[in-house]
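Survey of secondary and tertiary structure
Letter by letter, the chains look like this.
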Amino acid sequence: MASAKHTSQIPSHQLVGYHGVGSIYELRTHWKEKQATLHSVMVAGLDYWNTDALQELHDPVLENILGVRKFYMPSLPEDAEYSKSAIPVVRFPRWLVCNRCHRLGKVPHEFNDIGFSGPLCNAAGCKGHGVPVRLVVACRAGHVDDFPWVYWAHGGNGACNNPALRLTVQSGTTSLAGLMVSCLNPDCSDYNKEYSLGRALHQRFLCTGNRPWLNDHEGCSEKGHALFRHSSTLYFPEVVSAVSIPPYSQELYQRLQKVAARDISRIQSAHKRGREIDWEEILDSLRDDIRWLANYTDEQIIQALKSLAFITENRLEDHMANERLALLNGYPETDRSVFVATPIPSEALTPNVARIFHSLVGVDRLRVVQVLNGFSRITHYGDRAALSKNDFDWKPAVELHGEGIYLEFNRDSLLQWAAQTNVRARVKPLEDLAGDHQQEKAHPVSVFLHTLAHLLIKQLSLDSGYGMGALRERLYVNPREESWMAGILIYVAATTATGTLGGLVRQANPGRLEELLYSIYEEAQWCSSDPLCLETDKPVDDVLNLAACHACCLISETSCDWRNQFLDRALVVGLPGQESLGFLSGMLGEQTIK
């Protein structure tokens, strides 16, 4: 394992995302003022993290849902403390190619890397640098290993006793077919034979069960797929997030989570064993140690401790339903709460806005906790890979503070639109390809809301002062009648406790929202990839989208809840001759044509 020192830094929120445990990251080390070296590394498992130097974080609902007792937040410390709290990494892929003599090898054999200052070629007379190879092998069970270079350099036959490999590039080509692997051992039967990598991505290999982030192997019956080391399919993080809502967003609850974790555990233990809880002893102990509790009565403290100790929500869906209710009900700015929401009175909504939305809420302040629960490879829904070899009572997480706007849609208008025959027929190809666990996402209401959320983010980035990559969506969607939800939270958040600047919450104005809808409707009718984009009526290459591309609907995957899938612009604006297919066409129609 190598601990990063004098290196580039990964933002903490990315360590709980696409640069989390098991991901590959290009790390730059700086040893001299004008010298930087590139390393390809993999973030190590939780077994190797120094939790003593990390910031402890709590969210009682997520702790109960995920079955842990706490979270730890990666931090970006000052240089003096960097070695203590830096997240460890391991070199991966291990194979390197010399940028001068083109030999293939590893550290410390063909290359040396003293003090992680950058791999240098060991060949006589060569002063080249080792560059990470482009290919790795991964399987659907989450394992990943080096590409079998020795196997490939010998044509898939047995390797010689002393392989000496070289990777060269044929002139006039930049594709894999132009990369040639050969063995330079004079005693090898494949001496100087060149084997092209042109078919490498189509080849399947026996999985070795390698887990370099945990420094171990395990048995595996899956087939390995050759992938580029920067392929987007090599790492899919499973991030679970929650918005802190009352009562847990209140100052008393927030502070007790940090200072009374041991007392909360005692209360839970006594309850499980059927013992009587000695509230007087607990209160005396807390008041002796914590002066600010003098601002609260015994009853307030006991109620807070009970709420923190006995959480009834054990599914994320249940908590999201409660989040939605908290957004609709609103919460005033009191007690330094990390959740402040202001519903706009229904009589203040303009007629057009009222036809589309049931409620509009300005979220002046919110706290979002994001937790890395695991990751998968090859597909979004592959086997979840482990973050550690041992079972821990914690997971990595990050705390974000910010603002947003919440839009609750008119149920009757949505159901009437979704019941149309052409609307149901439009999403049928998505429903056929979506698995059982994704059928709700393929529902017309879900696809429409998700697509509109992306269009909102694109338009709000022009009006709110925030970049498109800073805005995020949180979808409250459930088309089932008994648990109906149809809402969108667009928010912006930062890792600093000071939060953001207020440019987004100011958009929670009925007049501004109506202008926003007009702009979205007009912009979404045209895409630079039309007519090809708009005429797409079946998913292509198993990507569960219809009329959606990077030019019109797709956004950064870090901003999207559903990995840029289940999108269809036609459900927003309709098709030529089928205007009723688009929800906004029926709600706004020719009113937008000015």
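Bear in mind that the values here come from a model prediction, so they are computed numbers and not experimental data.

**As for a negative patch on the surface**
Side chains of Glu276, Asp278, Glu280, Asp284, Asp288 and Asp289 sit close together on the surface and give a patch of like negative charge. Along the chain, the position of Asp278 falls in the loop between α6 (261-272) and α7 (279-289). What makes Asp278 partly exposed here is its relative accessible area of 39%.

**Some thoughts on the sheet that holds strand β8 (residues 104-105)**
Across the sheet, 3 strands lie side by side as β8-β7-β11; this open sheet has antiparallel pairing. Strand pairing shows two members of the sheet lacking a second neighbour, β8 and β11 (130-132), which therefore form its edges.

**Section: the environment of Ser12**
Locating Ser12 in the fold gives a position in helix α1 (residues 12-15). Separated by 397 residues in sequence, Ser12 and Phe409 have C-alpha atoms that sit 34 Å apart. In this view, Ser12 contacts Pro74, Val398 and Thr495; residues no more than four positions away in its chain are not counted.

**So, helix α11 (residues 411-418)**
Along α11, the residues that are buried comprise Ser413, Leu414, Trp417 and Ala418. Around the axis of α11, the buried residues are gathered within 120° of arc, so they sit on the same side. Residues of α11 that are exposed and angled more than 90 degrees away from the buried face: Asp412 and Gln416. Its side-chain oxygen placed 3.1 Å from the backbone nitrogen of Asp412, Asn410 serves as the N-cap of α11.

**Topic: the layout of surface pockets**
When its volume is computed, the second largest pocket comes out at roughly 940 Å³. Surrounding the second largest pocket, 35 residues form its lining, Ser232, Thr233, Phe236, Ile378 and His380 being those nearest its centre. The element contributing the most residues to the lining of the second largest pocket is strand β2 (residues 24-32), with 3 residues. Split by residue class, the lining of the second largest pocket holds 12 nonpolar, 16 polar and 7 charged.

**Side note on the pairing of strand β15 (residues 179-183)**
With 5 of its 5 residues buried, β15 lies for the most part within the structure. Here β15 shows a buried face lined by Leu179, Val181 and Cys183 and a second buried face lined by Met180 and Ser182. Sheet analysis places strand β14 (residues 165-169) next to β15, joined by 5 bridges and oriented antiparallel. Counterpart to Val169 in the pairing with β15 is Leu179. As judged from the 2 bridges shared by β15 and strand β16 (residues 195-196), these two strands associate in the antiparallel manner. Residue pairing across strands places Met180 opposite Ser196, the latter belonging to β16.

**Details of α6**
If you check α6, its first and last C-alpha atoms are 17 Å apart, about what 12 residues at 1.5 Å a residue would give, namely 16 Å. By the burial criterion, the buried members of α6 are Asp263, Ile264, Ser265, Ile267 and Ala270. Considering only its buried residues, α6 is in contact with α5 (251-259), α7 and α8 (298-309).

**A look at the sheet that holds β15**
Spatial strand order, β14-β15-β16: 3 strands in an open sheet with antiparallel pairing. The sheet terminates laterally at β14 and β16, the two strands that pair on one side only.

**Let's talk about the pattern of salt bridges**
Considering all chains together, one arrives at 24 salt bridges under this definition. Between Glu431 and Arg424 there is a salt bridge whose closest N-O contact spans 3.3 Å. The structure contains a network of salt bridges with shared partners spanning Asp59, Arg367 and Glu399.

**Description of the nonpolar core**
If you look at the biggest cluster of nonpolar residues, it comprises 90 residues, and the most contacted ones within it are Leu256 and Leu305. Among the elements that line this core, the one with the most residues is strand β23 (residues 357-376), at 8 residues. Other than its neighbours up to four places away in sequence, Leu256 contacts Ala261, Ile264, Trp292, Leu293, Ile301, Ala304, Leu305 and Leu308. In terms of nonpolar packing, the next biggest core, distinct from the first, is built from 70 residues, Ala418, Leu475, Ala508 and Cys549 among them.

**Considerations on the side chain of His443**
Within the secondary structure, His443 is located in the loop between α12 (421-433) and α13 (444-463). The class for His443 is buried, based on a relative accessible area of 17%. Ignoring anything within four residues of it in the chain, the contact list for His443 reads Ala418, Arg424 and Pro479.

**Structural notes on the confidence of the model for the chain**
A low pLDDT means the predicted coordinates there should not be read in detail. Of all residues in the chain, 94% have pLDDT values of 70 or greater, and the mean over the chain is 89. Model confidence for the chain, summarised as mean pLDDT per element, is weakest for strand β1 (residues 2-3) at 45 and strongest for strand β13 (residues 144-146) at 97. The model gives residues 1-5 a pLDDT under 50, and that stretch makes 14 contacts with residues more than four places away or in other chains.

**Some remarks on empty space enclosed by the protein**
Following the criterion strictly, the structure yields 2 cavities of 30 Å³ or more and no others. Put simply, the second largest cavity is a space of about 50 Å³. Lining of the second largest cavity is provided by Asp59, Pro60, Val61, Val243, Ser244, Ile245, Tyr248, Gln254, Gln257, His319 and Arg367. Going through the elements one at a time, α2 (60-66) and α5 are the ones with two or more residues in the lining of the second largest cavity.

**So, the side chain of His380**
As for its position among the elements, His380 is in the loop between β23 and β24 (394-409). Among the polar contacts listed, one links the side chain of His380 to the side chain of Gln565, at a separation of 3.1 Å. The residues touching His380, leaving out its near neighbours within four places in the chain, are Phe236, Arg563 and Gln565.

Reading the values: the criteria
- Residues numbered from 1 in each chain as written.
- Predicted model: local features only at pLDDT ≥ 70, side-chain atom pairs only at ≥ 80, totals over all residues.
- Heavy atoms only, no water.
- Patch = residues over 30% accessible without salt bridge, like charges linked within 9 Å, V, L, I, M, F, W, Y side chains within 5 Å.
- Areas by Shrake-Rupley, 256 points an atom, 1.4 Å probe, with all protein chains shown as cover.
- Salt bridge = Lys/Arg side-chain N within 4 Å of Asp/Glu carboxyl O.
- Lys, Arg positive; Asp, Glu negative; His and termini not counted.
- Charge placed at Lys NZ, Arg CZ, Asp CG, Glu CD.
- Helix = DSSP H or I, 4+ residues; strand = E, 2+ residues; numbered from the N terminus.
- Buried < 20%, exposed > 50% of the residue type's maximum accessible area, 1.4 Å probe, protein only.
- Pairing = 2+ DSSP bridges.
- Contact = heavy atoms within 4.5 Å.
- Arc of directions from axis to C-beta.
- Polar contact = N/O pair within 3.5 Å; in protein donor to acceptor, adjacent residues only side chain to side chain.
- 1 Å grid on protein atoms, 1.4 Å probe; cavity = no way out; pocket = protein on both sides within 12 Å on 5 of 7 lines; lining within 4 Å.
- Points joined across faces, edges and corners; volume = space filled by probe spheres on them.
- Nonpolar A, V, L, I, M, F, W, Y, C, P; charged D, E, K, R; others polar.
- Expected span 1.5 Å × (residues − 1).
- Core = buried A, V, L, I, M, F, W, Y, C linked by side-chain atoms within 4.5 Å.
- pLDDT = per-residue confidence, 0-100.

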